[in-house]
Every structure is written in structure tokens, then in C-alpha cells.
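Chain by chain, the residues run as shown.
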Amino acid sequence: MGVLLRKGLAELLGTLIFVFSIIGALNAETYAPLVIGIALMVMVYATGHISGGHLNPAVSFGAYLRGAINAKELLVYIVSQLIGGALGAFLSLDLWKAPEGPMQLDLVPAFVAELVFTFALVFVVLNTATSKDHPTNSFYGLAIGTTVFVGAATVGGISGGSFNPAVAFGLSISGQFDWAFFWLYVLAPLVGAAIAALAFRVLNPHDLAKDAAKTSSKKK
């Protein structure tokens, strides 16, 4: 199996289990933000050594802008994540009934909530999982999962706490989210991810210099 195919499959499986766990947590209603954060942490650790454990098109977009993956990898990652999110949602329908109606949003607060916490999530991912300053750290999964826990606990009631277009895709299929707001769950996270990538590049010029030096040495 090729390297890129393995990465895509890892992203698909990790996103599937993550979305399935989110829907289960929402149905259980007990400690849902904590369960969601832990589920992400576990899947990031499980897939991180294969694909980087993005499990989120916004994270992959931020990683692309940061220079951690190329355009071909970005496309494979996003397609895999969306398929995984859809499969997780369809699988959940065998266990839990769809809600009576989707969550209704107040547009501006929901957009701001998704943008701010996606920025926080991608900023944490880039600085803990892609920084050259600590290439062998073991805390990145905990940091990433905790960020989503905090986001879900604080703004989940405002936006649904997605911070992830693949999650929003899955939850729209399962009925928790309204398809009419799907654009918000795509646009706000991508804007947040772009700002996070810009912030990373501004704050870590030495990291980018290391990338440039590595590329130069390969050409030689």
C-alpha cells in the first residue's frame, strides 16, 4: 500500500470513529464535551504517526498553509475525512434515532464561535504537532483533545462546537445540524485555520528557516 493511500485511510478511519463517538456522546448527553475531547485525543494518538492525525479539513488546510503537507496530500486528506465523517454518521443511525429537529443557530455568534475555536485548535496543532522545536513530544494529542473539550464546553450551545467541516458533514447527515448552515461550518473553520497558519508563520520564523534549509539540502 502506498504512503499517501495509507495516510488517507488513517484519516478516514480516525474521522469515522471520531464522528461516531461525537454522535454517541450527544445522545448520551452526559459529559459530552469531555467525551468528545478524549475521543479526538485517542484518535490523534492512534493516527498521528501515520498521517499526522488531522481528522479535520480545517487542520489539513492550516497544515498546508504552514507548509507541512502538499496540495495532493491536502486533497486526499479532505476527501478521506469527509468520507469518514459520512460513514460515522450513517453507522450511528443504526444505534441512535435522528433528533426531532436540527440545532438552530444565531448566525453571527455561531460564526464567531466556530472561527475563534477553530483558530485555537489549528494554532495548537501547528505549534505542538508540526513545530521543529519539539519534534519528539508526546503531549500533542492531549493538547489537541483538550482544546476541543474547552471549545465544546464553552460554545457548544452557541454553534454546536464543530470546529471541523467533516464533523459538520457527519452531523448534518445524522440530523444534529441543519444543512442550511453547512456553509458556516465550512467557511468559519477555514478562515480560522488560515489565520492560525499565518500566526504560526509570524511567530515561528526560525521554524520556517529550518524547512527552507532542509529543502535546500535535498536539492544539493
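For clarity, every value in this text was computed on a predicted model and none was experimentally measured.

(A) Geometry of the packing of aromatic side chains. Throughout the structure, instances matching the rule amount to nine aromatic pairs. Seen from their ring centres, F169 and W179 are 5.9 Å apart, and the 75° between their planes marks the pair as edge-to-face. Of this pair, F169 sits in helix α7 (residues 165–174) while W179 sits in the loop between α7 and α8 (182–203), placing them 10 residues apart in sequence. Three or more aromatic residues joined by ring pairs make a cluster, and in this case those are F169, W179 and F182.

(B) Structural context of the pattern of salt bridges. The final tally for this structure, using the stated rule, is two salt bridges. Here R66 ties to D207 by a salt bridge, and the two come within 2.5 Å at their closest N and O atoms. On the criterion of sequence distance, the pair formed by R66 in helix α3 (residues 57–66) and D207 in helix α9 (residues 205–219) is long-range, its members being 141 residues apart. D207 carries the same exposure label as R66, and that label is buried.

(C) Molecular detail of unusual backbone geometry. Not every positive phi belongs to a glycine, and L55 is a case in point at roughly 55°. Here L55 is to be found in the loop between α2 (32–51) and α3. Of the residues examined, L55 reaches a relative accessible area of 0% and is grouped as buried. With a phi close to 55°, F163 is a non-glycine residue in the positive phi region. Relative to the helices and strands, F163 is located in the loop between α6 (140–159) and α7. Judged by its relative accessible area of 1%, F163 falls in the buried class.

(D) Focus on the packing of α3 against helix α4 (residues 71–92). Running from N to C, α3 and α4 point in directions that differ by 175°, and their axes come no closer than 9 Å. On the basis of the axis angle, α3 is roughly antiparallel to α4. Two secondary-structure elements touch here, α3 through P57, S60, F61 and Y64 and α4 through A71, L74, Y77, I78 and Q81. Considering only residue class, the contact of α3 with α4 consists of seven nonpolar, two polar and no charged.

(E) Just the packing of α7 against α8, in detail. Closest axis-to-axis distance for the α7/α8 pair is 9 Å, and the angle between their directions is 170°. Judged on the interaxial angle alone, α8 and α7 are roughly antiparallel. Across the interface between the two elements, P165, A168, F169 and S172 from α7 touch F182, Y185, V186 and P189 from α8.

(F) Examining the side chain of K7 more closely. Residue position: K7 is located in helix α1 (residues 3–28). Here K7 falls in the buried class, since its relative accessible area comes to 17%.

(G) Representation of α3. Of all the 10 residues making up α3, seven are buried; the element is thus mostly covered by neighbouring parts of the structure. Those residues of α3 that sit buried are P57, A58, V59, S60, G62, A63 and R66. Where α3 begins, one side-chain oxygen reaches toward the backbone nitrogen of A58, 2.8 Å away; that side chain belongs to N56. Of the residues trailing α3, G67 is marked for its positive phi of about 100°.

(H) Representation of a nonpolar patch on the surface in the model. The grouping of Y31, L34, V35, I38, V42, F149 and V150 at the surface amounts to a nonpolar patch, some 600 Å² of accessible area in total. When residues of the nonpolar patch are traced back to their parent elements, those giving at least two are α2 and α6. Per-element tally for the nonpolar patch: the top contributor is α2, with four residues. Structurally, the position occupied by V150 is in helix α6.

(I) Expanded view of the environment of Q81. With respect to the helices, strands and loops of the structure, Q81 is situated in helix α4. Measuring from C-alpha to C-alpha, the distance between Q81 and L34 comes to 22 Å, with 47 residues separating the pair along the chain. In contact with Q81, other than residues within four places in its own chain, are E11, T15, H54, L55, N56, P57, S60 and A166.

Definitions and limits used
Residues numbered from 1 in each chain as written. Predicted model: local features only at pLDDT ≥ 70, side-chain atom pairs only at ≥ 80, totals over all residues. Heavy atoms only, no water. Phe/Tyr/Trp six-rings, centres within 6.5 Å; stacked < 30°, edge-to-face > 60°. Helix = DSSP H or I, 4+ residues; strand = E, 2+ residues; numbered from the N terminus. Salt bridge = Lys/Arg side-chain N within 4 Å of Asp/Glu carboxyl O. Buried < 20%, exposed > 50% of the residue type's maximum accessible area, 1.4 Å probe, protein only. Axes fitted to C-alpha atoms, helices over the stretch in contact; angles between N-to-C directions. Parallel < 35°, antiparallel > 145°, perpendicular 65-115°, else oblique. Contact = heavy atoms within 4.5 Å. Nonpolar A, V, L, I, M, F, W, Y, C, P; charged D, E, K, R; others polar. Polar contact = N/O pair within 3.5 Å; in protein donor to acceptor, adjacent residues only side chain to side chain. Patch = residues over 30% accessible without salt bridge, like charges linked within 9 Å, V, L, I, M, F, W, Y side chains within 5 Å. Areas by Shrake-Rupley, 256 points an atom, 1.4 Å probe, with all protein chains shown as cover.

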